[in-house]
Amino acid sequence: MSLCEIKRRDGGARVGIYSIDEKVFQFPAAYEMEELFPSLKDCTYVNMPPLLDEEEVNQILRKYASFQIDPIRPIHPNMPQAACDEITSGDIIMAPGWHTLLGRAKELIRFISSFKKTLPPDVAWYIPAAALPSNLASLVHAGFDLFDYTAVDLMTAKGIFCLSDGEYPKEVMTEERGVCSCTGCAADDLKMHNRLMLDQEAARIRYHITSQRFREYLDAQCRHAPELVSLMRTVDRDEYSERITQITRQTPFFATSTDSLIRPEVKRFMNRVVTRYIPPHAKVAVLLPCSARKPYSQSKSHIQFQRAIDGRAHEIIITSPLGLVPRELELVYPAAHYDVPVTGYWDHEERYVIGEMVQAYFSKHQYDRVIAHLDGDAYEIVRSAFEHLDIPFECTCDGSPLSSESLSRLKNALFGSAKVKRRHAHGIFSYQFGQELLEQGIEVKGRYPEQIVTKNRRQLFSIDPSGMLRPTFDGWQLIETGYRVYIDDFMPQGDILAPGVVDADPQIREGDEVLVVGRQAWATGRAAMSADEMKRSKRGIAVRVRKVKKR
């Protein structure tokens, strides 16, 4: 019997355990696959080029009756649906010949994405003859788990010295002794060195996935090869990536390049601010610059801004790569977790993406006045966006936004404006659950940001460190639909495992707060995988349960 259990995820990258009979091994990692699965040696017919058309594939399959080697299931983009239907949880999906697509990112990711949407999530993905220390992180990001030593051994045969940042002539090994001090280099054994470099890279990747810093590692790691940057960007743009990207992380979000603009969590944040978020009732909005310190309201600059505004306008921060961050969402991931290199310069792509978001937000949410307390490129982006909007727009900056003249102009511009009732919980609620919080008499208690939301002394929500609402059972009564996980007829005794899930609302992503609904009990908790994975997996924790209530 074979089992595949995913322990941690970071987008499409996964750390897990694969076991068959008495063999247990972790991934992502490289192995002598033919030693683990000897039947692979006699199955060369599965090496069909991935771009073969359907007729050619069928001709080969008619010649060879079987297209599987238990527990390994070779796949091809044009294989019959019947062969796909035979794949079950715990199998190893082998993509033979797919290494030829490493320079054709669109085709590779299109094929992977189409299979990932239909095949069981709890399978291990193996790509033969592809892994090098320099491209391993990119392959893991694309969704592969298992690798072999074929590619590095071919490099050895060619006299090529492999490192995580690229491939070098063999002479580097002997002439530049400080480049590497592994046991392979000490023994002048190129093959040993190349294999050790692949193993070390796999170990680093497992660490970064487990610590939820893999995407930041990949962003730096792929820069030495254009095809690897292309692969990263193509994965990020694929709609399937959003499904498998967690809602929140506790680790820093380093936005060190414009590629951050297309990261799934950034696109999700921008989309929700425009389409889900419901701002407080305010006639005036003030656009403010971001700050290095997060959350913004604890920075020295925003303390001064808030004193000048004195609650008489809705505060919205303009920043890259997130675009617009309403004050109510400043704790929500990634708004309180990102860091960017500060240069004062915004490139064309940033200007375009953020300008489009400004137009979309202010087209949907109408204010009588918009004040831009901005300077430099941030002001130019907003000014250009408002040329397409029929809303009064004014600037209160006289030089630096923090100058006494600028702060005085901001204060005077708001003179006589009505106070805006801050609706902190309401803003997060709309962003998180896509609904309006209509309940009256709600109170927010505690010291910001560690607060709870109550009504008549009953706690409805708490605000967790990621800035999201954590509903109690009373709080779930205010969430009309969505974010439910339906389980079989049993009493939860701990976390909910995937085999016990009958159905789940499709918008659920890893990290979402969910209500577990069963015949015997309700439970509150946090999703440990997406709804799609919950419904199609036979292994792993679906929901980490916080509280259980009998029906």
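Quantities reported herein were computed from a predicted structural model and do not represent experimental measurements.

**Q** Give me the lowdown on the pairing of strand β2 (residues 13-20), citing residues and values where you can.
**A** Burial of β2 is extensive: seven of the eight residues sit out of reach of the surface. Where strand β1 (residues 2-10) lies against β2, eight bridges are found, and the strand directions are antiparallel. Residue pairing across strands places C4 opposite Y18, the latter belonging to β2. Connecting the antiparallel pair β1 and β2 is a turn made up of two residues, with G11 showing a positive phi of about 65°. Sheet analysis places β2 next to strand β3 (residues 23-27), joined by five bridges and oriented antiparallel. If you follow I17 over to β3, its bridge partner there is Q26. Hairpin connection from β2 to β3: two residues lie between these consecutive antiparallel strands, with D21 at a positive phi of about 55°.

**Q** I'd like a rundown of the environment of V382, residues and numbers included.
**A** Here V382 shows up in helix α16 (residues 376-386). For the pair V382 and L287, spaced 95 residues apart in the sequence, the C-alpha separation amounts to 8.9 Å. Not counting chain neighbours up to four residues away, the residues in contact with V382 comprise L287, I318, A372, L374 and F393.

**Q** Explain helix α14 (residues 300-309) to me, and be specific about the residues and the numbers.
**A** All of the buried residues along α14 are S301, H302, F305, A308 and I309. The buried residues of α14 occupy an angular sector of 115° when projected down its axis, which confines them to one face. Of the exposed residues in α14, those oriented more than 90 degrees away from the buried face are K300 and R307. Against the buried residues of α14 lie β12 (284-289), β13 (314-319) and α17 (404-413). Looking one or two places after α14, you find D310, whose phi comes out positive at around 55°.

**Q** An account of the sheet that holds strand β25 (residues 513-517) is needed here, citing residue identities and associated values.
**A** Read from one edge to the other, the open sheet built from six strands follows the order β23-β27-β26-β25-β22-β24, with strand pairing classed as mixed. Each edge of the sheet is formed by a strand with only one pairing partner; in this case those strands are β23 (496-497) and β24 (501-504). In the sheet, strand β22 (residues 484-487) pairs with β24 via three bridges, with the strands oriented antiparallel. The residue of β24 that forms the bridge with I487 is V501.

**Q** Report on the packing of aromatic side chains, specifying residues and quantitative values.
**A** Taken as a whole and assessed by the stated rule, the structure comprises 18 aromatic pairs. On the numbers, 6.3 Å between centres and 70° between planes, the contact of F253 with Y333 is edge-to-face. One end of the pair, F253, is in strand β11 (residues 253-254); the other, Y333, is in the loop between β14 (323-326) and β15 (338-339), with 80 residues separating them in the sequence. For the pair F253 and Y333, a shared accessibility class is recorded, and that class is buried. Plain terms: the ring middles of F362 and F386 are 5.1 Å apart, the flat faces sit at 55° to each other, and that makes the pair tilted. Of this pair, F362 sits in helix α15 (residues 348-364) while F386 sits in helix α16, and the two are 24 residues apart along the sequence. With a relative accessible area of 0%, F362 lands in the buried category. According to the relative accessible area criterion, F386 is buried, its value standing at 6%. An aromatic cluster is defined as three or more aromatic residues linked by ring pairs; in this entry it consists of Y361, F362, Y367, Y379, F386 and F393. The positively charged end of K23 is found above the aromatic ring belonging to F37, 5.7 Å away from the centroid. Note that R263 overlies the ring of F253, its terminal NZ or CZ placed 3.9 Å from the centroid.

**Q** Break down the nonpolar core for me, with residues and values.
**A** Counting residues in each nonpolar core, the largest one holds 80 residues, and the members touching the most others are F362, V485 and M534. Looking at which element gives the most residues to this core, the answer is α16, with six residues. Ignoring anything within four residues of it in the chain, the contact list for V485 reads V501, D503, A504, I508, V514, L515, V516, V517, M534 and V543. Formed by 52 residues, the second largest nonpolar core is a distinct cluster that contains I87, A105, L108 and L132.

**Q** Report on unusual backbone geometry, specifying residues and quantitative values.
**A** For the peptide bond that leads from K294 to P295, omega is -5°, which places it in the cis range. The residue P295 is located in the loop between β12 and α14 in this model. Note that the residue after Y333, namely P334, is joined by a cis bond; omega there is 5°. Assignment of secondary structure puts P334 in the loop between β14 and β15. Unusually for a residue other than glycine, R457 sits at a positive phi of about 70°. Within the element layout of this structure, R457 appears in the loop between β19 (450-455) and β20 (458-463). In this model, Y483 sits at a positive phi of 60°, which is unusual for a non-glycine residue. Secondary-structure assignment places Y483 in the loop between α19 (473-476) and β22. The class of Y483 is buried, set by a relative accessible area of 0%.

**Q** Could you give an account of the pairing of strand β10 (residues 166-169), with specific residues and numbers?
**A** Here strand β9 (residues 160-163) pairs with β10 via four bridges, running antiparallel. Bridge assignment links L163 to a residue of β10, and that residue is G166. As consecutive antiparallel partners, β9 and β10 are separated by two residues.

Calculation criteria
- Residues numbered from 1 in each chain as written.
- Predicted model: local features only at pLDDT ≥ 70, side-chain atom pairs only at ≥ 80, totals over all residues.
- Heavy atoms only, no water.
- Buried < 20%, exposed > 50% of the residue type's maximum accessible area, 1.4 Å probe, protein only.
- Helix = DSSP H or I, 4+ residues; strand = E, 2+ residues; numbered from the N terminus.
- Pairing = 2+ DSSP bridges.
- Contact = heavy atoms within 4.5 Å.
- Arc of directions from axis to C-beta.
- Phe/Tyr/Trp six-rings, centres within 6.5 Å; stacked < 30°, edge-to-face > 60°.
- Lys NZ or Arg CZ within 6 Å of the ring centre and 35° of its normal.
- Core = buried A, V, L, I, M, F, W, Y, C linked by side-chain atoms within 4.5 Å.

Purely spatial values, then, with no claim about function.
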